[in-house]
Amino acid sequence: MDASPDPAQMRRTFRRTRLGLPVMATAAALVLTSCGPRNTDEILRGGVPANTNLPDATTLPPEAIRTVARRDFGWRLIYHPGSAPPNADGRAAAALCGLESRRVARVAPAPLTYPTDDPGTRMIDIFCA
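Given the structure is predicted, the values throughout are model-derived calculations rather than measurements.

Our next topic: the state of the cysteines. A full pass over the atoms with the stated rule returns 1 disulfide. Each sulfur in the disulfide pair Cys 97 and Cys 128 lies 2.0 Å from the other. Around the S-S axis, the bridge from Cys 97 to Cys 128 shows a dihedral of about -85 degrees and counts as left-handed. One end of the pair, Cys 97, is in helix H3 (residues 88-99); the other, Cys 128, is in strand S4 (residues 122-128), and 31 residues separate them in sequence. The pair formed by Cys 97 and Cys 128 is uniform in burial state, with each residue classed as buried.

Unlike most non-glycine residues, Asn 87 shows phi in positive territory, near 60 degrees. Mapped onto the elements of the fold, Asn 87 is located in the loop between strand S2 (74-79) and H3. We classify Asn 87 as exposed; its relative accessible area is 54%.

Calculation rules
- Residues numbered from 1 in each chain as written.
- Predicted model: local features only at pLDDT ≥ 70, side-chain atom pairs only at ≥ 80, totals over all residues.
- Heavy atoms only, no water.
- Disulfide = S-S within 2.5 Å.
- Helix = DSSP H or I, 4+ residues; strand = E, 2+ residues; numbered from the N terminus.
- Buried < 20%, exposed > 50% of the residue type's maximum accessible area, 1.4 Å probe, protein only.

Okay, here's the thing in structure tokens:
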């Protein structure tokens, strides 16, 4: 018995693997790129890019910022006034409304739900027009 492979069978196998290589390389590239970070072109309500560094956008020092959140009415900011510069409310309001290319309508103090959780903090609601 001769164990040598059939030449026609070898040509079919070679042709199949040669054409399959680009397809498999493309599939591998798609799989590998899908594991990376998600697209950062998402836009939040009000037209704010999702990748915006909100504590940085408020122009307040990072140690003063506790929470920055986009709400239906505008923005809610919780910060520590002892670590913030003078006129922190106005500066933060102007910066946050500026992210939406809108002007500040008003800044209203909001009561803290649990003031003992982070003593000395202040919560404000920022309404953009």
